[in-house]
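What follows is each chain in one-letter form.
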Amino acid sequence: KDDPSDPRLEASTAPTIREIPPPPRNQDDHILLPKSLTETVLEMTLRLTKAIPRYNLLHLGKTYKNSAKGKTFTDALVKEFALDSREEAVEFGKYLQKRKILDHVTGDHVFKDTRELYFRLQPFQSSGIINSFRIWTDRIDPDYISVVSRLSKVMQGIHNRCTDGNGDVDLQAAEQDEQYATFEEEICELQGIDMDDMGVHAKTAFLINVYNLLIKYAFIKYGFPESTLQRASFFSSIHVNIGGHQFSFSDLENGILRANALAPYAHKKQFLSGDARVKLALEQVDNRIHFALNCGARSCPPVKKFSVNDLEEELRIVALSFCEDNLNVRITPERNEVRLSSIFKWYKLDFAQSTSGIPNALVKYLRGEKKEALQIMLKEKNEIKVKFNNYDWSSNVTNKVFHGSSLKSDGFSLKTIFGQGQE
């Protein structure tokens, strides 16, 4: 059949699939309150986040951010839940620790009413792991594509409500959105999704969708990286817990989707020998993923939803869409020149053995006059000049800038030596 003039606007030819509702949440996952009532993990976490004071506490030269002494926790529990004694508060604190709502800052001690031990609520325990708002102990939906689809809808709602008249998303407003806490809790379900038995199409579709979703989430949670150094930290230091393994954005792209290849400008493979995550890497790269992954920059391909059954067609369409845009691929026969997105430079080896081989690799992703022009240039066998456009790293987000320090739950500061930041 004829290709659509713009695949992004073409209606899907696949039959409409009714979205299956998620399995019900596990009632046993609720938190039992001292007065025999219950709250969800989300409700309890939000309640304690408001009730427990947070400080940057020092011990042996190390600063434990967003923590509080056991005594401070006990004081707050007595007040918040109208408990009859401090002993009752301690028992409730131990229960909350067992339920992974709070923990000792290094996980070494049981909850205690003392000034000597520091404790922290779970959302602040592992700042560099993006989906660590809670430890997931609820049911796991076996339909992992639907999990990401539901999360994407919640995120899109947040974006819609926080987009200004210029089309920019206010990141601080998004962080205060009514559904943001729900999203933070629900995305922790990724902790229980096992990729070991996923096929190539399943893993590819799942991870492209996850990657694109997490970029939006990371901008809200950590801010937008404005400089080259900030971007390097953003893509390598923010991690997500999927199936008990931690992955950076670079791990997802270069480690798994690119078959454990060298990241741009890197000198070693993403996963080294002995890394347990190596087994999750695809056997070979499908270079069309570069037309599907969106890192949040204006020069990136548009975000699209990918499915397991229709992945081949979906990747074909996004490849055609990306390459038909002259901002990404421009053919100029009179100059014998091809001007390309920098994506083709960074990931050259996914397309050809050398820069001169890229034009030939592009033919299958072109249509119409542009394809014919390139084929004629190739037949003439004159060396085609390949040039690359500057990448526009700006984005449609505002009001929050990324800083690498936000990824660390603990740190060191000279200020703490002089008593600042203490309770």
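The structure contained in this document is the topic of the report that follows. Per chain, residues are indexed from 1 in the order of the written sequence. Selection of residues for local features in this predicted model requires a pLDDT of at least 70, selection of side-chain atom pairs for listing and counting requires 80 or more, and totals for whole chains, interfaces and linings are taken over all residues. The side-chain figures draw on all heavy atoms in the structure; neither hydrogens nor water molecules are used.

**Examining the side chain of Lys-370**
Okay, step 1: For Lys-370, the location among the structural elements is in helix 13 (residues 368-379).
Okay, step 2: Notably, Lys-370 is buried but unbridged: the nearest opposite-charge side chain belongs to Asp-325, and the N-O separation is 6.7 Å.
Okay, step 3: Any N or O atom pair separated by 3.5 Å or less is treated as a polar contact, with the protein-specific requirement of one donor-capable and one acceptor-capable atom, and with residues adjacent in sequence counted only for side-chain atom pairs. For Lys-370, the side chain forms a polar contact with the main-chain oxygen of Cys-323, separated by 3.0 Å.
Okay, step 4: In this description, contact between two residues means that some pair of their heavy atoms is separated by no more than 4.5 Å. Discounting chain neighbours no more than four positions away, the residues touching Lys-370 are Cys-323, Glu-324, Asp-325, Asn-326, Val-329 and Ile-331. Numbering goes from the N terminus for both helices and strands, where a helix is a DSSP run of H or I of at least four residues and a strand is a run of E of at least two. When a residue's accessible area, from a 1.4 Å probe over protein chains only, is under 20% of the maximum for its type it is buried; when over 50% it is exposed; and in between it is partly exposed. Note that His is not counted, nor are the chain ends; the positive residues are Lys and Arg, and the negative ones are Asp and Glu. When a carboxyl oxygen of Asp or Glu lies within 4 Å of a side-chain nitrogen of Lys or Arg, that pair is called a salt bridge.

**Notes on the pattern of salt bridges**
Okay, step 1: Applying the stated criterion across every chain yields a total of 29 salt bridges.
Okay, step 2: Residue Arg-25 pairs with Asp-138 through a salt bridge whose shortest N-O separation is 2.5 Å. Of this pair, Arg-25 sits in the segment before strand 1 (31-32) while Asp-138 is found in the loop between strand 6 (118-121) and helix 4 (144-161), placing the two residues 113 residues apart along the sequence.
Okay, step 3: Overall, Arg-25 belongs to the partly exposed group, its relative accessible area being 29%.
Okay, step 4: Judged by relative accessible area, which is 9%, Asp-138 ranks as buried.
Okay, step 5: Glu-184 is the salt-bridge partner of Lys-221, the closest N and O atoms lying 3.2 Å from each other. Of this pair, Lys-221 sits in helix 7 (residues 200-222) while Glu-184 sits in helix 6 (residues 180-186), and the two are 37 residues apart along the sequence. Judged on exposure class, the residue Lys-221 and its partner Glu-184 are both buried.
Okay, step 6: Overlapping salt bridges bring together Arg-25, Asp-29, Arg-99, Arg-134, Asp-138 and Glu-185 as one network.

**Quick word on the sheet that holds strand 11 (residues 337-340)**
Okay, step 1: Spatially, three strands are ordered 10-11-12 in an open sheet, and the strand pairing comes out mixed. Of all strands in the sheet, those with a lone pairing partner are strand 10 (329-332) and strand 12 (385-388), marking the two edges. When strand polarity is set aside, the average angle formed by the axes of neighbouring strands in this sheet is 15°.
Okay, step 2: Strand direction decides the pairing type here: strand 11 and strand 12, joined by four bridges, are parallel. Residue Leu-340 lies in a different strand from strand 12, and its bridge partner there is Phe-388.
Okay, step 3: Convention adopted: a line fitted to C-alpha atoms gives each axis, helices being fitted over their contacting stretch, and angles between N-to-C directions are expressed from 0 to 180 degrees. Contacts from helix 13 reach strand 10 and strand 11 within the one sheet, and its direction differs from that of strand 10 by about 55°. For two strands to pair, DSSP has to find at least two bridges joining them.

**A look at the packing of aromatic side chains**
Okay, step 1: The aromatic pairing rule takes the rings of Phe, Tyr and Trp, using the six-membered ring of Trp, and pairs them if the centres are within 6.5 Å, calling planes under 30 degrees apart stacked, those over 60 edge-to-face and the rest tilted. Taken as a whole, this structure holds 25 aromatic pairs when the rule is applied.
Okay, step 2: Their ring planes at 75° and their centres at 5.3 Å tell us that Tyr-211 and Phe-249 sit as a pair that is edge-to-face. Pair noted here: Tyr-211 is in helix 7 and Phe-249 is in helix 9 (residues 249-257), with a separation of 38 residues, a long-range link. Neither Tyr-211 nor Phe-249 differs from the other in exposure class; each is buried.
Okay, step 3: Ring centres of Phe-344 and Phe-351 lie 5.0 Å apart, and the angle between their planes is 55°; on these two criteria the pair is classed as tilted. Of the two residues examined, Phe-344 and Phe-351, each falls in the buried class.
Okay, step 4: Clustering of aromatic rings is evident, with ring pairs tying together Tyr-211, Phe-219, Phe-224, Phe-234, Phe-235, Phe-249 and Phe-402.
Okay, step 5: In our convention, an over-ring charge means Lys NZ or Arg CZ found within 6 Å of a ring centre and within 35 degrees of that ring's normal. Between the NZ or CZ atom of Arg-134 and the centre of the ring of Trp-136, over which it lies, the distance is 4.7 Å.
Okay, step 6: Its guanidinium or amino end placed over the ring of Phe-306, Lys-304 lies 5.8 Å from that ring's centre, counting from NZ or CZ.

**What about the packing of helix 4 against helix 7?**
Okay, step 1: Where helix 4 meets helix 7, the closest approach of the two axes is 10 Å, and the angle between their N-to-C directions is 25°. Considered as vectors, helix 4 and helix 7 are oriented roughly parallel to each other. The handedness of the crossing between helix 4 and helix 7 is left-handed. On the side of helix 4, the interface is formed by Tyr-144, Ile-145, Val-148, Leu-151, Ser-152, Met-155, Gln-156, Ile-158 and His-159, while helix 7 contributes Ala-202, Ala-205, Phe-206, Asn-209, Val-210, Leu-213, Lys-216, Tyr-217 and Ile-220.
Okay, step 2: Three classes are used: nonpolar for Ala, Val, Leu, Ile, Met, Phe, Trp, Tyr, Cys and Pro, charged for Asp, Glu, Lys and Arg, and polar for all others, with Gly counted as polar. Taken together, the residues that form the contact of helix 4 with helix 7 break down as 13 nonpolar, four polar and one charged. In these notes the angle categories are as follows: under 35 degrees is roughly parallel, over 145 is roughly antiparallel, 65 to 115 is roughly perpendicular, and the rest is oblique. The crossing is said to be left-handed when, going from far helix to near helix, the turn is anticlockwise and less than a right angle, and right-handed when the turn is clockwise.

**Remarks on helix 1 (residues 41-51)**
One turn of an α-helix holds 3.6 residues; hence residues three or four places apart share an orientation.
Okay, step 1: The complete set of buried residues in helix 1 reads Val-41, Leu-42, Met-44, Thr-45, Leu-48 and Ala-51.
Okay, step 2: Those residues of helix 1 that are buried lie in contact with strand 1, strand 2 (38-39), helix 2 (70-80), helix 3 (86-98), strand 6 and helix 6.

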